[in-house]
Amino acid sequence: MQRAAVQRDDQRARNERNAQRRAGRLRRSLVCAAAVPAVALFATACSSDSDSAAKETGGGSNPATTPSGSAAAPSPTVQAAKYRKLPEPCAVLSKETLTALVPKGAKSGKKGASDDVATRGSCSWSSLDNNGVKGSQFRWLNIAFLRFDSDSNRGSGEKQAAAYYASQVQEARSVTGAKNTKSEPVAGTGDQATVVRYDLKKKEGAFRQQTVVARVANVVVTVDYNGAGLAGEKTPNGDTLTKAAEKATKEAVASVATANGSAGAPSSPAATPSKSASKSPSASASPSKSSTKKG
């Protein structure tokens with residue numbers, strides 16, 4: 001009987017240990033079960049924060065890991081301007097040409113004011129051949145250069161120059177008071193060239209105006225040339241004046257390439273906008289209607 005009692009005590013002890021182990025497992029299960037909502041809540045909170053951040057950045061993913069294809073495209077590059085320099089405006093014409101255009105004023109060249117000589121420049125000459133009681137022959141010549149740099153916002157230098165070229169031609173065609181206006185292309189002068197000619201009556205006499213606008217790559221050359229017979233002198237022949245203006249324009253256009261080492265600058269992408277390209281053409285570089293006022 002004593003032995004049976006010992007066996008019962010041993011069994012009871014084993015049962016208690018088993019119960020304790022089951023209780024321990026149950027407690028751990030309860031703890032884990034209680035922990036699940038907290039984990040889920042934490043995950044939900046993290047998900048909400050991520051969603052909020054995504055909405056603030058405008059997308060569903062971290063901007064730092066956004067594929068390049070969906071990111072904002074970088075500013076495009078443009079071809080670098082061909083010509084980087086302008087010639088000395090008062091030295092672009094040969095002595096022979098100057099003497100033909102302004103016989104009494106070949107040495108009267110007056111350089112126009114410019115805040116950036118690499119971008120804009122001009123020079124003007126005047127000539128008065130006084131024949132006493134027979135009257136006088138007057139001539140006025142102005143050559144203006146405007147160079148455009150390539151710019152990532154405005155486009156290539158050539159594109160900007162082409163737009164300015166067109167505006168100069170249109171301006172020459174629409175001078176107030178002009179009569180018998182004619183315009184035609186000029187061959188063999190840069191990439192584009194147009195001559196606009198007209199008559200203009202003033203109190204001093206009848207003036208004949210020639211404006212030749214030419215573009216060579218990213219540079220626009222504008223030549224204004226007018227003549228008049230004053231105090232009874234005969235009005236000069238328009239065809240003669242036009243041929244002279246076209247000859248001067250050809251020399252001015254050729255001087256651009258010479259100033260840049262003949263071939264100009266090699267084409268390459270322009271990484272940054274040019275300061276000078278963002279400027280508007282100055283009065284010194286834009287002959288506009290001032291040429292008709294000189295006479």
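Residues numbered from 1 in each chain as written. Predicted model: local features only at pLDDT ≥ 70, side-chain atom pairs only at ≥ 80, totals over all residues. Heavy atoms only, no water.

A.B. asks: Pulling in residues and values, what's your account of the state of the cysteines?
C.D. replies: Across all of its chains, the model carries one disulfide by this definition. Note that Cys90 is cross-linked by a disulfide to Cys123, the S-S spacing being 2.0 Å. One quick way to see it: the torsion about the S-S bond of Cys90 and Cys123 is about 100°, and its sign makes the bridge right-handed. One end of the pair, Cys90, is in the loop between strand 1 (78-79) and helix 2 (95-101); the other, Cys123, is in strand 3 (residues 120-130), and 33 residues separate them in sequence. In this structure Cys123 comes out as buried when scored by relative accessible area, which is 0%. (Disulfide = S-S within 2.5 Å. Helix = DSSP H or I, 4+ residues; strand = E, 2+ residues; numbered from the N terminus. Buried < 20%, exposed > 50% of the residue type's maximum accessible area, 1.4 Å probe, protein only.)

A.B. asks: Any details on the sheet that holds strand 3? Residues and values, ideally.
C.D. replies: Sheet strands line up and pair through hydrogen bonds in the backbone, either parallel or antiparallel. With antiparallel pairing, seven strands are arranged side by side in an open sheet as 2-3-4-8-7-6-5. In this open sheet, the two strands that pair with only one neighbour each are strand 2 (110-111) and strand 5 (179-185). In terms of strand pairing, strand 3 meets strand 4 (residues 136-147) through eleven bridges, oriented antiparallel. Paired with Trp125 across the strands is Leu141, a residue of strand 4. Contacting strand 4, strand 5, strand 6 (192-202), strand 7 (205-216) and strand 8 (219-230), helix 3 (residues 157-173) crosses the sheet at an angle of about 25° to strand 6. Across the sheet, helix 4 (residues 238-259) touches strand 4, strand 6, strand 7 and strand 8, and the angle it forms with strand 7 is around 30°. (Pairing = 2+ DSSP bridges. Contact = heavy atoms within 4.5 Å. Axes fitted to C-alpha atoms, helices over the stretch in contact; angles between N-to-C directions.)

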